Amino acid sequence: MKSSPPNQGKLVRSIGLTSAVVLIISSVIGTGVFKKVAPMSAELQSPSLVLIAWLVAGLISLAGTLSNAEVASMLADSGGEFVYFRKIYNRFFAFLFGWTNFAVIRTASIASIAYVFAQSLNSVFPFPITAASLSDVSFLGLHPLDNLSVKLVAIALIIFLTYFNYKGLKLGENLSRVLTALMTTVMLLIIVLGLLSSVGSFENITTNSVRYSADAMSGATLFKALALACLSAFWGYEGWASVGFIGGEMKNPQRNLPLALIIGTLIIMVLYMSMNFVYLYILPIDEFIKIYESKNGIAAVAVVSHFLGAWGGMLISGLILVTTFNCASTTLLLASRLFYAMAHDKMFFKSVDYIHPVYNTPSRALFIQAIWTSLLVLSGTFDQLTDMLIFAAFIFYGATAFGVFVLRKKMPDAHRPYKVIGYPVVPAIFVLFCIVLIVNTLIEKPEEALSGLGLMATGLPFYYYWTRKKE
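Calculation notes
Residues numbered from 1 in each chain as written. Predicted model: local features only at pLDDT ≥ 70, side-chain atom pairs only at ≥ 80, totals over all residues. Heavy atoms only, no water. Helix = DSSP H or I, 4+ residues; strand = E, 2+ residues; numbered from the N terminus. Rg over C-alpha atoms; globule rule 2.2 N^0.38 Å. Buried < 20%, exposed > 50% of the residue type's maximum accessible area, 1.4 Å probe, protein only. Contact = heavy atoms within 4.5 Å. Lys, Arg positive; Asp, Glu negative; His and termini not counted. Charge placed at Lys NZ, Arg CZ, Asp CG, Glu CD. Axes fitted to C-alpha atoms, helices over the stretch in contact; angles between N-to-C directions. Parallel < 35°, antiparallel > 145°, perpendicular 65-115°, else oblique. Left-handed = near helix turned anticlockwise from the far one by under 90°. Nonpolar A, V, L, I, M, F, W, Y, C, P; charged D, E, K, R; others polar. Patch = residues over 30% accessible without salt bridge, like charges linked within 9 Å, V, L, I, M, F, W, Y side chains within 5 Å. Areas by Shrake-Rupley, 256 points an atom, 1.4 Å probe, with all protein chains shown as cover. Salt bridge = Lys/Arg side-chain N within 4 Å of Asp/Glu carboxyl O. Core = buried A, V, L, I, M, F, W, Y, C linked by side-chain atoms within 4.5 Å. Expected span 1.5 Å × (residues − 1). Arc of directions from axis to C-beta. Bend = angle between axes of the 7 residues up to and from the residue. Polar contact = N/O pair within 3.5 Å; in protein donor to acceptor, adjacent residues only side chain to side chain. Phe/Tyr/Trp six-rings, centres within 6.5 Å; stacked < 30°, edge-to-face > 60°. Lys NZ or Arg CZ within 6 Å of the ring centre and 35° of its normal.

K.L.:
Help me get a handle on the overall build of the protein chain, residues and values and all.
P.N.:
Regarding its fold elements, the protein chain presents 19 helices and 0 strands. Against the compact-globule benchmark of 23 Å for 471 residues, the protein chain has a radius of gyration of 22 Å, which places it among compact chains. Here the C-alpha coordinates of the protein chain stretch approximately 65 × 55 × 40 Å along the principal axes. Expressed as a percentage of the 471 residues in the protein chain, the buried residues total 59%. Within the protein chain, residue pairs in contact and separated by at least 24 positions form 83% of the contacts whose partners lie at least 6 positions apart. The positive charge centre, built from 32 side chains, and the negative charge centre, built from 23, are 14 Å apart in the protein chain.

K.L.:
Summarise the packing of helix α4 (residues 47-75) against helix α17 (residues 425-444); cite the residues concerned and give the values.
P.N.:
Packing of α4 against α17 leaves a shortest axis separation of 9 Å and a crossing angle of 120°. If you check the angle between α4 and α17, you find them oblique. For the pair α4 and α17, the crossing hand works out as left-handed. Two secondary-structure elements touch here, α4 through V56, I60, A63, G64, L66 and S67 and α17 through V426, P427, I429, F430 and F433. Classifying every residue of the contact of α4 with α17 by side-chain character gives 9 nonpolar, 2 polar and no charged.

K.L.:
Describe a nonpolar patch on the surface, naming the residues involved and giving the relevant values.
P.N.:
On the surface, L432, I435, V439, L442, I443, L450 and L453 cluster together to form a nonpolar patch covering roughly 630 Å² of accessible area. Counting residues per element, the ones that place at least two in the nonpolar patch are α17 and α18 (446-457). Residue contributions to the nonpolar patch peak at 5 residues, all from α17. Mapped onto the elements of the fold, L432 is located in helix α17. Residue classification places L432 among the exposed positions, given a relative accessible area of 54%.

K.L.:
Go over the nonpolar core with me, naming the residues and quoting the values.
P.N.:
Formed by 159 residues in total, the largest nonpolar core has its most connected members in I29, F34, F82, Y279, F288, F348 and F430. In terms of residue count, helix α14 (residues 299-344) provides more of this core than any other element does, 24 residues in total.

K.L.:
Explain the environment of S135 to me, and be specific about the residues and the numbers.
P.N.:
Turning to its location among the elements, S135 is positioned in helix α7 (residues 132-135). For S135, a relative accessible area of 14% puts it in the buried group. Along the sequence, S135 and L51 sit 84 residues apart, while their C-alpha atoms lie 38 Å from each other.

K.L.:
Please give an account of the pattern of salt bridges that cites residues and values.
P.N.:
A complete count under the given rule lists 10 salt bridges for this structure. Note that E70 is salt-bridged to R416, the shortest N-O span being 3.3 Å. On the criterion of sequence distance, the pair formed by E70 in helix α4 and R416 in the loop between α16 (382-410) and α17 is long-range, its members being 346 residues apart. Here E70 falls in the buried class, since its relative accessible area comes to 1%.

K.L.:
Can you lay out helix α15 (residues 363-379) for me, pointing to particular residues and giving the numbers?
P.N.:
In an α-helix, one turn spans 3.6 residues; hence positions three or four apart end up facing the same way. Taking 1.5 Å of rise per residue, the 17 residues of α15 would be expected to cover 24 Å, and the 25 Å separating its terminal C-alpha atoms lies within 8% of that figure. Within the sequence span of α15, burial applies to S363, A365, L366, Q369, A370, T373, S374, L376 and V377. Looking straight down α15, one finds its buried side chains confined to an arc of 160°; they lie on one side.

K.L.:
Any chance you could break down helix α6 (residues 91-124) for me, citing the residues and the numbers?
P.N.:
Compared with the 50 Å implied by 1.5 Å per residue over 34 residues, the 47 Å span of α6 between its first and last C-alpha is a close match. Where α6 bends most, the angle comes to about 60°, and this point is N101. The element α6 is largely enclosed, with a buried count of 26 among its 34 residues. Put simply, N90 is the residue that caps the front of α6, since its side-chain oxygen is 3.2 Å from the backbone nitrogen of F92.

K.L.:
Which residues make up the packing of aromatic side chains, and what values do they have?
P.N.:
If you walk through the whole model with that rule in mind, you get 43 aromatic pairs. Summarising the aromatic geometry, the rings of F95 and Y463 are spaced 5.1 Å apart at their centres and angled 45° between planes, so their arrangement reads as tilted. Of the two residues, F95 sits in helix α6 while Y463 sits in helix α19 (residues 460-470), which places them 368 residues apart along the sequence. Here the aromatic residues F92, F95, W99, F102, F339, F348, F349, W372, F462, Y463 and W466 are joined through ring pairs into a cluster of three or more. The cationic tip of R408 hangs over the ring face of Y423; the distance from NZ or CZ to the ring centre is 3.8 Å.

Dropping the structure here:
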């Protein structure tokens, strides 16, 4: 990184391996593990296929993690893939990555998580219902005032967490440690109590939906259904690579960053598979399909309420509040470093190239991120945002894994503190899967895919302006 202008603070290397693992877990476990089993059940209509989709998504994410780890061990710095792409490909592709994260990937992720936090709080302490006259207000085809009270709480959370993380990296890290410990303890408690519950049955795991047809769910139809279900599961795993954004604030990042990526992803995989097994063990799959079709419930709340009663419903609602609060905070903390790195390289708003002299945080990056994220909260629904950002994210995830091949050719003799296990098969599988997912999303969910591409394209005039100005 270039040196900072005078009268600024500086990023401090204070994050060790344990803290990095905690940040990965807290940036990933947010909403998907509680909500996505319902749409996946509706898509696949088979509990075994739902579990297979979660396993496939986990293994593919692990392949991406292993590939990302080799690149990160060589090029670790604040900004993550923005720095990697600049060296692997070119400044334009690095800019597209950074701009897309600002336009949709990271900011939409924060908006979606904050929205679910507000929804969950609303289920415990009901908010005022939005008047029909406000809900019907339309702007560019959107209904920004629909469910306004939930949206305002989500925006308030974003503002609060922005201020909290503005006050220092250690504050955000310590918060993540406490909340992640609480979160994993409660998740393990639910898993154990669920498996020991007399309410559950292995018959639920082996019994398909009454709508399931073995003849219909085969061949190309099965592949498409699995691909769409994996798209939902990937939202649960989304965010594992974002710890690379704080490479410039990690101790010994060449060693600790790849280790944290691998350890954190493995822990998340075990928790996700266990939680979803418990869901499908407790309730038959048709119950999850009903939850999805009602558009008005959270699968995890229905499951835990079923086998633990009212106090279980409060327990899982509290867990969702903790995880979404924690995930929003960590994602907000990490992403701001990317936008600062872009501005520092003169590929973002000039004023964002600023480190607070007292708190040593990218304060202006945090504030501009909060403004755009709040607008996204008003703009669309949870599922539209997540489908849009997963599509966009996997374009760049695939590019990072392909970068392993590029760097092996461009820099064959460079020191590699970590080499991807199973090279070249593991990164090749991940790259191919990214291509399949991208093409399948374009075909099956063209509106979300084209919206994601459209948001990427909005960066082109900015890139032209900033690069010309630099020259």
